[in-house]
Amino acid sequence: MREVVGARRARIRLDDEAVDVRFTAGGSLRVLRPRGRVDGEGATDRATVLDLLDGHVEVVDAILDARLEVRGDADAVARIFVAIEILLDSTARIPALQRLARDFRLDPCRALRERPVRRSRRGSFRPTGEEPDEAALLERLGLRP
Amino acid sequence: MSSIDLLRPPPPYDPRAAEYKDWLHLNVLDHGSGAVGLVNASVHGDPRDERSRAVGAALLHVPGEGWLGNLEVLGVDEAAVGGASVALEHVAVARDNERGRILASADLPDDELRLEVTATPASRPLPVELPLPLGSGWISWYALPRIELSGTAIAAGRRLDLAGASGYHDHNWGRWRWGDDLGWEWGCFLAPAPGPAFVVARTTDREHERGSPPLLTVDVGPARRSFAGAAVELALDGMLEAEPRRLPGAMAALHQDRALPRLPARARVRADDGRDLVELEFHPRACVQIVAAEPASRGYGFLHELAGDFAYACRLGGSLLHGRGLAVFEYVC
């Protein structure tokens, strides 16, 4: 993961909390108070994380429904997703990460789980071209040519 | 129950202990509501390795509601693994060898499913204890093609009395690696009792291009007919349009390339040994994809549980039988 993200600094937002993260030259992870510009930013909320963990929504649905946002230039966004992929892959073999997910789910300081929010995708399950949700997302982000 | 069945943990110094797998599995097919589901509890990896895991799944597909329930993953040392039981915090399956019962429970209120089932055998056991080759490893199993159920499920606030439901139970164990070039096709097709219970199975490669000859058993009350080798044809065709629910979500997110699996829209089984004849056709209506991960090395397997309906016609021992029922078909790759 250190090779993928290098010295870049990213901001992670969950509900109304935010932290900045980056690796030090020595290779340890530093979690910092948000400050100034960052190379990339990811934002979501607790309900979306739980819906993703429970398989009620796919990542693509969370992005299309604006429940998960990743911002940055193309290189930074690609690196953020690779870092997430490395993290997900390791969760299968690192019990501490599995316990962390459980603690997050059971955290008594956070609001109780509400009924899962399933996808709102209007397109087909097997898209063959640009789907209405994809068009709406591009429009919303000002990425339409 | 006519024999004692226990989990088969690896003995000390087993060089393949890391590949240990042990599953207790139960299917529930409620003919009244059309609900089709599974409850299983399993152990993956050497029980002495803290990375090894226990996985519990309770998933019920209810027409009009979709999939209810969830999958639970714990470290193996956090679960209660007994001689013939695997109990997690929210899902548990146990064989009560003393009283000849199988017990299963799930308590997943956030996922709108609560279930408590007691099952007793209603057919002869189907033991396949010899290790069958599977990828670089092997698998053995023991099945009860029909079990009689009692209990209830609370599904999306609706109470289902499972006394009239059909059930199937099996226990699988062995040494294999998720991610190897392996797969299997298995299905249980149950008409309402006292109708027949069909079980079909074959192991395959990961692409399902090569496979062992299928085995088909048909249980009608205490009587069983088995078909094997060239006497059985298992044909899959079409492409299922139903979008799968994929679990656990973290593994589904990792495997975006598996979000649109190519699964059959129809399974046909035909068996003819010159004496007896069986034909059945299964149409899945929903699918769940369970991503199984190796706990100690990188490797993933994808278990697709297809729920649906089937129709059958057969001539067995001179009797003609035909009808419909509910089924689960498993497509693993």
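In the block above lies the structure referred to throughout.
So, a few notes on the structure that sits alongside this text. Note that the coordinates shown come from a computational prediction; the quantities given were computed from them, not determined experimentally.

Considering the layout of surface pockets
Residue and element names in this part refer to chain B. Estimates place the volume of the second largest pocket at around 470 Å³. Lining the second largest pocket we find 25 residues, and of these Leu132, Trp141, Ala201, Arg202 and Thr203 sit closest to its centre. Contributions of two or more residues to the lining of the second largest pocket are made by strand S1 (20–30), strand S10 (126–134), strand S11 (137–155), strand S13 (166–175), strand S14 (183–190), strand S15 (197–204) and strand S22 (300–316). Tallied by class, residues from the lining of the second largest pocket come to 15 nonpolar, 5 polar and 5 charged.

A closer look at the interface of chain A and chain B
Tallying the contact residues gives 26 residues for chain A and 39 residues for chain B. Between chain A and chain B, a total of about 2,700 Å² is buried, with carbon and sulfur atoms accounting for 47% of that surface. Close ionic contact of Asp89 of chain A with Arg298 of chain B constitutes a salt bridge, the shortest N to O distance being 2.6 Å. Elements supplying a minimum of two residues to the side of chain A that touches chain B: helix H2 (46–53), helix H3 (59–64), helix H4 (74–91) and helix H5 (95–106) of chain A. Among the residues making up the side of chain A that touches chain B, the classes are represented as 8 nonpolar, 4 polar and 14 charged.

Re a nonpolar patch on the surface
Residues and elements named next belong to chain A. Judged by side-chain polarity, Met1, Val82, Ile86 and Leu87 come together as a nonpolar surface patch covering roughly 290 Å² of accessible area. Within the element layout of this structure, Val82 appears in helix H4. The class of Val82 is partly exposed, set by a relative accessible area of 37%.

Focus: empty space enclosed by the protein
To find the voids left in a structure, one rolls a probe of water-molecule size over its atoms. According to the stated counting rule, one finds 1 cavity of 30 Å³ or more in the structure shown. If you add up the space inside the largest cavity, you get close to 40 Å³. Together, Leu52, Gly55, Val57, Glu58 and Val59 of chain A together with Arg246, Gly249, Ala252 and Ala253 of chain B line the largest cavity. Here the lining of the largest cavity gets 3 residues from one element, more than from any other, and that element is helix H1 (residues 249–254) of chain B.

Quick notes on the rules
Residues numbered from 1 in each chain as written. Chains lettered and ligands numbered in written order. Predicted model: local features only at pLDDT ≥ 70, side-chain atom pairs only at ≥ 80, totals over all residues. Heavy atoms only, no water. 1 Å grid on protein atoms, 1.4 Å probe; cavity = no way out; pocket = protein on both sides within 12 Å on 5 of 7 lines; lining within 4 Å. Points joined across faces, edges and corners; volume = space filled by probe spheres on them. Helix = DSSP H or I, 4+ residues; strand = E, 2+ residues; numbered from the N terminus. Nonpolar A, V, L, I, M, F, W, Y, C, P; charged D, E, K, R; others polar. Contact = heavy atoms within 4.5 Å. Buried area = accessible area lost by both parts, 1.4 Å probe. Salt bridge = Lys/Arg side-chain N within 4 Å of Asp/Glu carboxyl O. Patch = residues over 30% accessible without salt bridge, like charges linked within 9 Å, V, L, I, M, F, W, Y side chains within 5 Å. Areas by Shrake-Rupley, 256 points an atom, 1.4 Å probe, with all protein chains shown as cover. Buried < 20%, exposed > 50% of the residue type's maximum accessible area, 1.4 Å probe, protein only.

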